[in-house]
Amino acid sequence: MAISMNWVKEYVDLDDVDLKELATKITNAGVNVEHVTQNNLNNLVIGEVLECEDIPETHLHKCLVDVGTDKRQIVCGANNVTKGIKVIVSLPGAILPGGFEIKASTIRGYESNGMICALSELGLEEDTPENHAKGICVLPENAKVGEDVVKYMGLDDTIYELDLNPNRNIDCTNHIGFSYEVASVLGKKVTLPDISTKPIKDSIKKHFSLEVATPNCTLYNAKMVIGVKIKESPDFIKHRLIAAGMRPINNVVDISNYVMLEFGQPLHFFDKDKLGDKILVRMAGDNEGIVTLDKKYRELFSEDIVITDGEKPVCIAGVMGGENTEVDENTKNILIESAIFNSYNVRYTSLRLDLRSEASLRYERGLNWEYTNMAIERACHLLEKYADGKVLSDTIVYDTIDKTVKIADVTLDDVNTTLGLSMKKSDVEKSLTNLGFEYTESKNKFTVTIPNRRLDVEPHKQDLIEEIGRLYGYDKIESVLPNIPDKAGNYIGAVAYRKLISKRLRSLGLNECRTYTLVSDEENNLFNYNKHEQIDLLRPMSSDKKTIRQTILPSLLKTYEYNKARNVKDIMIYEIANTYFNKDEEETKIAILMKGDYLNNSWSSISSKVDFYLIKGILENLLDYLGFRNRYQLEAKEIDGIHPGISAEILLDREPIGFIGRVHPTITKDDVYVLEISMNKFYDKKIKPIKFKEISKYPSIVKDLAFIINKDITSGEVVDTIRKAGGKLLTNIEVFDVYTGENVKPDEKSIAYSLTFSDPTRTLSDEEVMQIFNKIIEEVEKKHNAILRDK
Amino acid sequence: MEEKVESIKVELIKDLSNTKSIQDVQNLKVKYLGKKGLVTELTANMKDLSIDEKKIVGKLSNETKNYVTEEISKLENKIETEELNKKLQSEKIDISLPSTKVNVGGSNILEKIIEEVEELAISMGYDVVEGPEVEKDLYNFELLNLPKGHPARDAQDTFYTDGDTLLLRSQTSPVQIRTMLENKDKTPIRIICPGKTYRRDDDDATHSHQFTQIEGLLVDKDISLANLKATFDVIAKKLFGSDRETRFRPSFYPFTEPSVEMDISCFNCGGKGCNICKGTGWITVGGAGIVHHNVLDNCGYDSNKWTGFAFGFGAERLAMLKYGITDIRTFYTNDLRIKDNFDRKDV
């Protein structure tokens, strides 16, 4: 929101006030003045064209211009330049809007010491073909040569660009409301503008009837002004509209906008002759439509409030007028609407039609009924003055506004307890007075009446404390730690568990990632493992962020590709994040991706390339760390997106918790290994407490053996058999060789195991170990059709 | 006998001076101390001697044996040391060659800063609580004093997944609501809630549709803005240096009243004004305020008895300020090359 401080000066005395310092004070009191800009058009003076000659074979003119300090030659291309007129001259050094700097130069061999300007070149008019055709700006004859143009035109304004919080979007988006804020900060009073009119005898009531048939319109004022003359607005209106960021159009349209920027009340002007003699405000019917001012047909729904002439819509309330009753250059008689509509409906309709405007936003945020009533009078006043209009007597009013006055109590103690300050009674009184809040006080208790213009202030002590505090200044607050008992803080729920896992994975060399929750359909379906019903956004911003992911791995694959493209060779990453599988449940998943050398040295042969067994090692390390040793296993299983031969489901206590494997070569040709498990499946599982276990003092006996078995038999199966046959004394089994090739048939393989036997209480004898050892051989041979390999 | 011994010694000295290798030492041992060695032979005919003679010869030969053993052993040690040194010299490596990388994983920058705040908060008695990211409109907005149609909802254009009841949370504040509602005994509360949040923003250097908030809530008796300021001081100094000054500016949040912006004195220029603080000397790092009475009442805490404060930070903003990161997408691209910079203890 841009505020013209020239405009504000109409309502608050700003003589001797430094506007830059004022901006800081206002910001510190809670209304952010983001920028303060001066209309910094320098080196613009009024000049008189003394001579003007055509330059042959060009459209240019060679002029001699008196600029007060000297007479200089200027080349001008405009076709309306002529001897004897007063013009705007930008002297060398002037910087025009768009950063265009004027320099002394030579044009077609003719010296030119400045530029004669058009209004559009100064940013005072829109740069349209029509305005361009008008040529340079010709000033009245009485303009004084040499005078500063900015001053002459009343352009010496200071603009405050406000960055408003939603609460102050209501009262500070108009110049009167903002003036109250200025007055609060300065401790001054606000003078409201003249809204008086000289109505003619004819009453609007003879020409017009009003009916409101919906509770969504709570206030509707109508006034009539006849005989208006459409023409240009006076300069002060144009300049102020430009300063506030609006384009001047003609006096009638400009007055409507001017009053909106003044009181915050959007007005609508109907061409009375096109409208007829009746207004009915109602909700739209389902099969209705209207062509709006922008010449587009708009389909209407039952949520839209419409103004009708009794039958057809003539305006979408609060959003946009209809073409059928538009004010145009031939309009003579105007019906003015100043109303309050349900903010929800205006919001809904303007959003649906994509027609949010300065006006609709103001309806949405809420309006002060006092200003609704004043604004219509103000518009009449201005139309009378600047459009030659005659105001009919009386106003047609429909009014169901609840005018209950907002009153609240607050005590000095309340103020000081909440703010942590030690304000005195007089401080509070000063704040309230400056705010323009009326109050009575008794025994340090203030009974405060909140003015209607402050729609954001609720009748509650907390609201009053905020208002009092912000004016008094939060910089006066001294830090005091809360006087509450000490207690230990903790991670609650699964947070600590997740962090534990995260730390472990980092210690295992994996890097933590953070990727987006929203993914594409394709990504979400890449690994089709235990999929649930997909949860899509209702209005996604793009197809690559349309659904809430159920798997993290596709995002890690993206991260992999990103890093690979940047020549990162060894990529070990993980992410722990929430995924979603129905409306009420979120599933925390742990995803790991590994590719490259887990350990390497660039110049020697040391390296440990990631393969299935390495990522399996990471998984086991993690699960062991979490206390699940011997409670999990892998089961070969084909999973979408995973290499069918290098793929397994992970079971914990015989229940699936996720999967592990190499990414399918159709997804990436690189040997990328991944796993994903669901933390929800195990974070609350019971585990055994840590207990010290005596390491056996007695020597253990190690025996090696190798079997030739069919290659489809897994090592796991053999180990199971060995473990069962080995009993308690067999304390460790290690695979130390897997061999296929020479001396082994194509459908067979050889696996060698190293078995450790020990007893914590005694030394084992060779005989008893041999006995078990032979039993193991016998069992494996019998069960797996294995052959013991000779040493 | 003594002559024999003397000649052995003379011969030994000669032999020793000619001995160059461990193998020579072994030969020497055989020559003098072997079964038929010179020293051994001194006692070859002991059995023919008288007891007195035996004593003398025994003593003498023992002394000789000890002498020879010691001399050989001395030489042996010397040669061994020489040979070892020679071997070690030959094993000399080029220590300038690159190391074998020992890989330890790093944390995401955001996680790093979140944990920093968490640890500080825990030390101040706050619990760390998380909540769902797909949230009810009721918790994300309505109970936070943001009824449907409230204009302040505009600032948080939200991703809905189910009509207007279910959404991707636009702030972490619903965790505060859940905590207050779930605390049936209505006892004092001290929590911080870090987490992912989502708003309909187009991603660019300063906007992200997904971002991270860290919010804090304290509910107790007679809590003031001065208490909030002191708490903010602690956090600001921890994150941005002990010489930071803080200030509050009035602001607006629907769920707090009064609401404030929390500023720190610029850590770059110390308050003189620079690029980072846009010439103001101050940097806004978060928002806060006294919990709105409607929010307390909505969650079953009688606002006539209880008061509290709430504060919130954008984790991305904190990290961008603290580490001088200029593009918010940095946190989500996970460029592993960044790690070289971040995988270490901070000041």
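Residues numbered from 1 in each chain as written. Chains lettered and ligands numbered in written order. Predicted model: local features only at pLDDT ≥ 70, side-chain atom pairs only at ≥ 80, totals over all residues. Heavy atoms only, no water.

Draft legend 1. Region of the structure containing the overall build of chain A. If you tally the helices and strands in chain A, you get 20 helices and 44 strands. Seen through its principal axes, chain A has C-alpha atoms that stretch 130 × 85 × 60 Å. Summarising the internal contacts of chain A: among those between residues at least 6 apart in sequence, 68% fall at separations of at least 24. Only carbon and sulfur atoms are counted for the fraction: they give 48% of the accessible area of chain A, which is about 37900 Å². Of the side chains in chain A, 102 bear a positive and 124 a negative charge, and the two mean positions are spaced by 4 Å. (Helix = DSSP H or I, 4+ residues; strand = E, 2+ residues; numbered from the N terminus. Contact = heavy atoms within 4.5 Å. Areas by Shrake-Rupley, 256 points an atom, 1.4 Å probe, with all protein chains shown as cover. Lys, Arg positive; Asp, Glu negative; His and termini not counted. Charge placed at Lys NZ, Arg CZ, Asp CG, Glu CD.)

Draft legend 2. Expanded view of the overall build of chain B. The number of helices and strands found in chain B is 12 helices and 10 strands. Relative to the globule expectation of 20 Å for 347 residues, the C-alpha radius of gyration of chain B, 42 Å, shows a markedly less compact shape. Its C-alpha atoms give chain B principal-axis dimensions of about 125 × 45 × 45 Å. For chain B, buried positions account for 52% of its 347 residues. In chain B, of all internal contacts separated by at least 6 residues, the share reaching a separation of at least 24 is 66%. Of the accessible surface of chain B, which amounts to about 16700 Å², a share of 51% is contributed by carbon and sulfur atoms. Charge separation in chain B, taken as the distance between the mean sites of 48 positive and 57 negative side-chain charges, equals 5 Å. (Rg over C-alpha atoms; globule rule 2.2 N^0.38 Å. Buried < 20%, exposed > 50% of the residue type's maximum accessible area, 1.4 Å probe, protein only.)

Draft legend 3. View of the domain arrangement of chain A. Here chain A is described as being made up of domain 1 (2–39 + 157–186), domain 2 (44–152), domain 3 (200–399), domain 4 (406–471), domain 5 (495–681) and domain 6 (701–788). Of note, the centres of domain 3 of chain A and domain 5 of chain A, computed from C-alpha atoms alone, are 60 Å apart. (Domains from an automatic or database assignment.)

Draft legend 4. Here's a closer look at the nonpolar core. Formed by 125 residues in total, the largest nonpolar core has its most connected members in Tyr 160, Phe 178 and Ile 336 of chain A together with Phe 311 of chain B. Ignoring anything within four residues of it in the chain, the contact list for Phe 178 of chain A reads Ile 3, Met 5, Val 8, Ile 26, Val 31, Tyr 160, Leu 162, Asp 171 and Cys 172 of chain A. Listed in part, the 35 residues of the second largest apolar core include Val 314, Val 319, Leu 335 and Leu 367 of chain A. (Core = buried A, V, L, I, M, F, W, Y, C linked by side-chain atoms within 4.5 Å.)

Draft legend 5. Focus on the side chain of Asn 251 of chain A. All names here are of chain A. Checked against the element boundaries, Asn 251 lands in helix H7 (residues 251–263). Reaching out from Asn 251, the side chain makes a polar contact with the backbone oxygen of Tyr 386 at a distance of 3.1 Å. Residues in contact with Asn 251, not counting those within four places in the same chain, are Lys 229, Ile 230, Lys 231, Glu 232, Ser 233, Tyr 386 and Ala 387. (Polar contact = N/O pair within 3.5 Å; in protein donor to acceptor, adjacent residues only side chain to side chain.)

Draft legend 6. Structural context of unusual backbone geometry. Here the amide bond leading from Glu 257 of chain B into Pro 258 of chain B is cis, since omega sits at -5°, within 30 degrees of zero. Tracing the sequence through the fold places Pro 258 of chain B in strand S8 (residues 256–265). The phi dihedral of Asp 653 of chain A is positive, around 50°, even though this residue is not glycine. Note that Asp 653 of chain A resides in the loop between strand S38 (642–652) and strand S39 (655–663). The backbone of Asn 785 of chain A sits at a positive phi, close to 55°, despite the residue not being glycine. Mapped onto the elements of the fold, Asn 785 of chain A is located in the loop between helix H20 (766–784) and strand S44 (787–788).

Draft legend 7. Representation of the packing of helix H15 (residues 495–507) of chain A against helix H18 (residues 612–625) of chain A within the structure. All names here are of chain A. The geometry of H15 relative to H18 is characterised by a closest axis approach of 11 Å and an angle of 140° between their N-to-C directions. Our classification of the angle between H15 and H18 gives oblique. Of the two elements, H15 crosses H18, and the hand of that crossing is right-handed. When H15 is examined against H18, the residues Leu 500, Ile 501, Arg 504 and Leu 505 are found in contact with a partner set consisting of Ile 618, Asn 621, Leu 622 and Tyr 625. Taken together, the residues that form the contact of H15 with H18 break down as six nonpolar, one polar and one charged. (Axes fitted to C-alpha atoms, helices over the stretch in contact; angles between N-to-C directions. Parallel < 35°, antiparallel > 145°, perpendicular 65-115°, else oblique. Left-handed = near helix turned anticlockwise from the far one by under 90°. Nonpolar A, V, L, I, M, F, W, Y, C, P; charged D, E, K, R; others polar.)

Draft legend 8. Structural detail: the interface of chain A and chain B. With 85 residues of chain A in contact, the opposing surface of chain B contributes 85 residues. Contact with chain B buries surface across chain A, with Arg 514, Tyr 516 and Met 541 of chain A losing the most and accounting together for 11% of the total. Applying the counting criterion to the chain A and chain B interface returns nine salt bridges. In this assembly, chain A and chain B are joined by 42 residue pairs in polar contact (both at pLDDT 80 or more). Tallied by class, residues from the side of chain A that touches chain B come to 36 nonpolar, 24 polar and 25 charged. (Buried area = accessible area lost by both parts, 1.4 Å probe. Salt bridge = Lys/Arg side-chain N within 4 Å of Asp/Glu carboxyl O.)

Draft legend 9. Structural view of empty space enclosed by the protein. Residue and element names in this part refer to chain A. One pass over the full model with this rule turns up three cavities of 30 Å³ or more. Its boundaries defined by the atoms lining it, the largest cavity holds a volume of some 130 Å³. Every residue lining the largest cavity is counted, 17 residues in all, and those nearest its centre are Ile 170, Asn 174, Phe 263, Gly 366 and Asn 368. Looking at side-chain class alone, the lining of the largest cavity contains five nonpolar, eight polar and four charged residues. Looking at the lining of the largest cavity, you find at least three residues from each of domain 1 (2–39 + 157–186) and domain 3 (200–399). (1 Å grid on protein atoms, 1.4 Å probe; cavity = no way out; pocket = protein on both sides within 12 Å on 5 of 7 lines; lining within 4 Å. Points joined across faces, edges and corners; volume = space filled by probe spheres on them.)

Draft legend 10. Spotlight on a positive patch on the surface. Side chains of Lys 198, Lys 229, Lys 332, Lys 385 and Lys 390 of chain A sit close together on the surface and give a patch of like positive charge. Position of Lys 229 of chain A among the secondary structure elements: in the loop between strand S16 (217–226) and helix H6 (235–243). (Patch = residues over 30% accessible without salt bridge, like charges linked within 9 Å, V, L, I, M, F, W, Y side chains within 5 Å.)

Draft legend 11. The arrangement of the domain arrangement of chain B in detail. Split by domain assignment, chain B resolves into domain 1 (2–90) and domain 2 (109–342). Using only C-alpha atoms to locate each centre, domain 1 of chain B and domain 2 of chain B end up separated by 88 Å.

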